[in-house]
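# Tertiary structure, described
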Amino acid sequence: LKIFPKPTALVNAAPPYGHVVCSEKWRTSSLLRGLKAGLKILFENELAVADFLLPNKVCLLYVSEGDMVAGNGFRRKLVRYRNASSSFQQLVLAERTRLSEQYFSALQKFVVLDLGLSLLPVGGQTEASQLITQIVHGEGRENPFRRRTSCRLLDSITLAMVQQIPGVGKVRAVTLMQNFPSIQEISNASPAELEPLVGQASAQQIHSFFHAHLTPGN
Amino acid sequence: EAPSMNGPPSPSGSVSILVDSRCISSGVELMTSLRQRHGANVHVCSLDSSYFIVSNRMAVERLSQSDLAAMQNRKRLVERLSSLQGMFERVCVIVEKDRSKQGEVSRPFQRTRYYDSTIAALVRAGIRLLWSDGAEESAGLLADLAKLEHRKGQGIAVPLEVKGQRRQQTLQLYQSLPWISHVHALNLLHNFSTIAQLINSSVEAIQKGGCMSRSRAEEIYRCLRYSCDSSFLLNTSKAGKNS
């Protein structure tokens, strides 16, 4: 198999917010007419492997109903697309229609499971233009689904964990932690050290909770 | 002492999948298919919301197209998915076509601007979307994901069922660690012989024994050594007495 040496167009900078870079072949399409309603369009002659570039490094490849019905030729295009750039998030829009329906599940396996790209079905070019418009506009808003770095309060997490020790409720947990303020310190305390705080039986129980072997299968 | 490592995967090379008990009522057909057609080793347990765990790092939500399209579900959807994003390296959503009731003419799904913007936000947040026609196809997709993850060395390799009171109590303690999913807790349970062994382990040993990312292991390491603030404890005990 021949390897394609230069991923030409995808190395272009992504367009500014509110813009879409679009390959020439779409100039007269209904998809483009739809995009013009909400976005500014820039044309690029040589968008070798992608159909559209969106702000914030998103690119798009469009798989039409015709592509899917005509056979597996478009798979090569998808592989080239995937190999072209890793700095872009690569989306694939596919026309899922009554005609292409039967091919969709195989396409999904190839695009999502084999190639690891994101696949978004659309009913046709008009729906595609609406979805693309929302992708572009979304970049101007905060994304609520984005992974955030954690900022949970370790104090309350630790208190909740200590209360998971059998026989330890809130009052005992606080008493224990006033003397041994971390889980590690509680776990490493000897029964003799725990006894004045919780009594002999509990001291023994707490110690063995941390130290008894968890033999599997019984 | 190094934690004992995972044994071979579940019998006859079948993949292991954990399912929240809330998935059952709406998913009898899917569960049957997972077990019978795909030979998956499925275990029902109580997760924190209705989702599937298909590997050490991947959770899968199953939503209907109309769930995703309904604006009133927004808050719950954000809460559920952002909590999964915190607990798992990879989050997938299987979007299932709505089933038309028998005798009812199925209406074609009308895309709205809200639906499109939700799809766009999910994709841009790195959540993987898969599209399904119904329970049968969703089961196939879940099995495919689990197999793929297994091939990448991320399959769940410990027994899914936890027997015995002590082990269940230990599992619960592990689950209260920050950003720890049920599958991480299971791995810790099986790979450390005592709780104290985990507590006194290095970040590397926690990472290996929990089959988790480095940053997650660091977080656990830090949490286990975190000294509670004395004024926090004072306030807590006061609040406890007054109530």
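Bear in mind the structure is a predicted one, so any value in this text is a computation, not a measurement.

### A few points about the sheet that holds strand E2 (residues 41-45) of chain B
Backbone-to-backbone hydrogen bonds join strands into a sheet, with any given pair of strands oriented parallel or antiparallel. All names here are of chain B. Strand order in the open sheet made by the 6 strands is E2-E1-E3-E4-E5-E6, with mixed pairing throughout. The sheet is open, and its two borders are formed by E2 and strand E6 (128-132), each paired with just one other strand. For strand E4 (residues 58-64) and strand E5 (residues 90-96), the ladder comprises 7 bridges, and the chain directions are parallel. Looking across to E5, one finds that alanine 59 is bridged to valine 91.

### Structural notes on the domain arrangement of chain A
In terms of domains, chain A is made up of domain 1 (2-149) and domain 2 (163-218). Centre-to-centre, using C-alpha coordinates, domain 1 of chain A lies 57 Å away from domain 2 of chain A.

### Section: the packing of aromatic side chains
By the definition in use, this model includes 4 aromatic pairs over all chains. The interplanar angle of 40° and the centroid separation of 5.3 Å between the aromatic rings of tryptophan 26 of chain A and phenylalanine 52 of chain A together place this pair among those described as tilted. Of this pair, tryptophan 26 of chain A sits in the loop between strand E1 (19-23) and helix H1 (30-36) while phenylalanine 52 of chain A sits in strand E3 (residues 52-54); the two residues are 26 residues apart in sequence, bridging distant segments of the chain. Exposure class is identical for tryptophan 26 of chain A and phenylalanine 52 of chain A. Each is buried. Residues phenylalanine 209 of chain A and phenylalanine 210 of chain A carry aromatic rings whose centres are separated by 5.6 Å and whose planes lie at 70° to one another, so their mutual orientation is edge-to-face. Given the relative accessible area of 3%, phenylalanine 209 of chain A is considered buried. Judged by its relative accessible area of 2%, phenylalanine 210 of chain A falls in the buried class. By way of ring pairs, the aromatic residues Trp26, Phe52 and Tyr62 of chain A are connected into one cluster. The ring of phenylalanine 104 of chain A carries arginine 96 of chain A above its face, with NZ or CZ at 4.1 Å from the centroid. Its end group placed over the ring of tyrosine 221 of chain B, arginine 225 of chain B keeps NZ or CZ at 3.7 Å from the ring centre.

Cut-offs used in this document
- Residues numbered from 1 in each chain as written.
- Chains lettered and ligands numbered in written order.
- Predicted model: local features only at pLDDT ≥ 70, side-chain atom pairs only at ≥ 80, totals over all residues.
- Heavy atoms only, no water.
- Pairing = 2+ DSSP bridges.
- Helix = DSSP H or I, 4+ residues; strand = E, 2+ residues; numbered from the N terminus.
- Domains from an automatic or database assignment.
- Phe/Tyr/Trp six-rings, centres within 6.5 Å; stacked < 30°, edge-to-face > 60°.
- Buried < 20%, exposed > 50% of the residue type's maximum accessible area, 1.4 Å probe, protein only.
- Lys NZ or Arg CZ within 6 Å of the ring centre and 35° of its normal.

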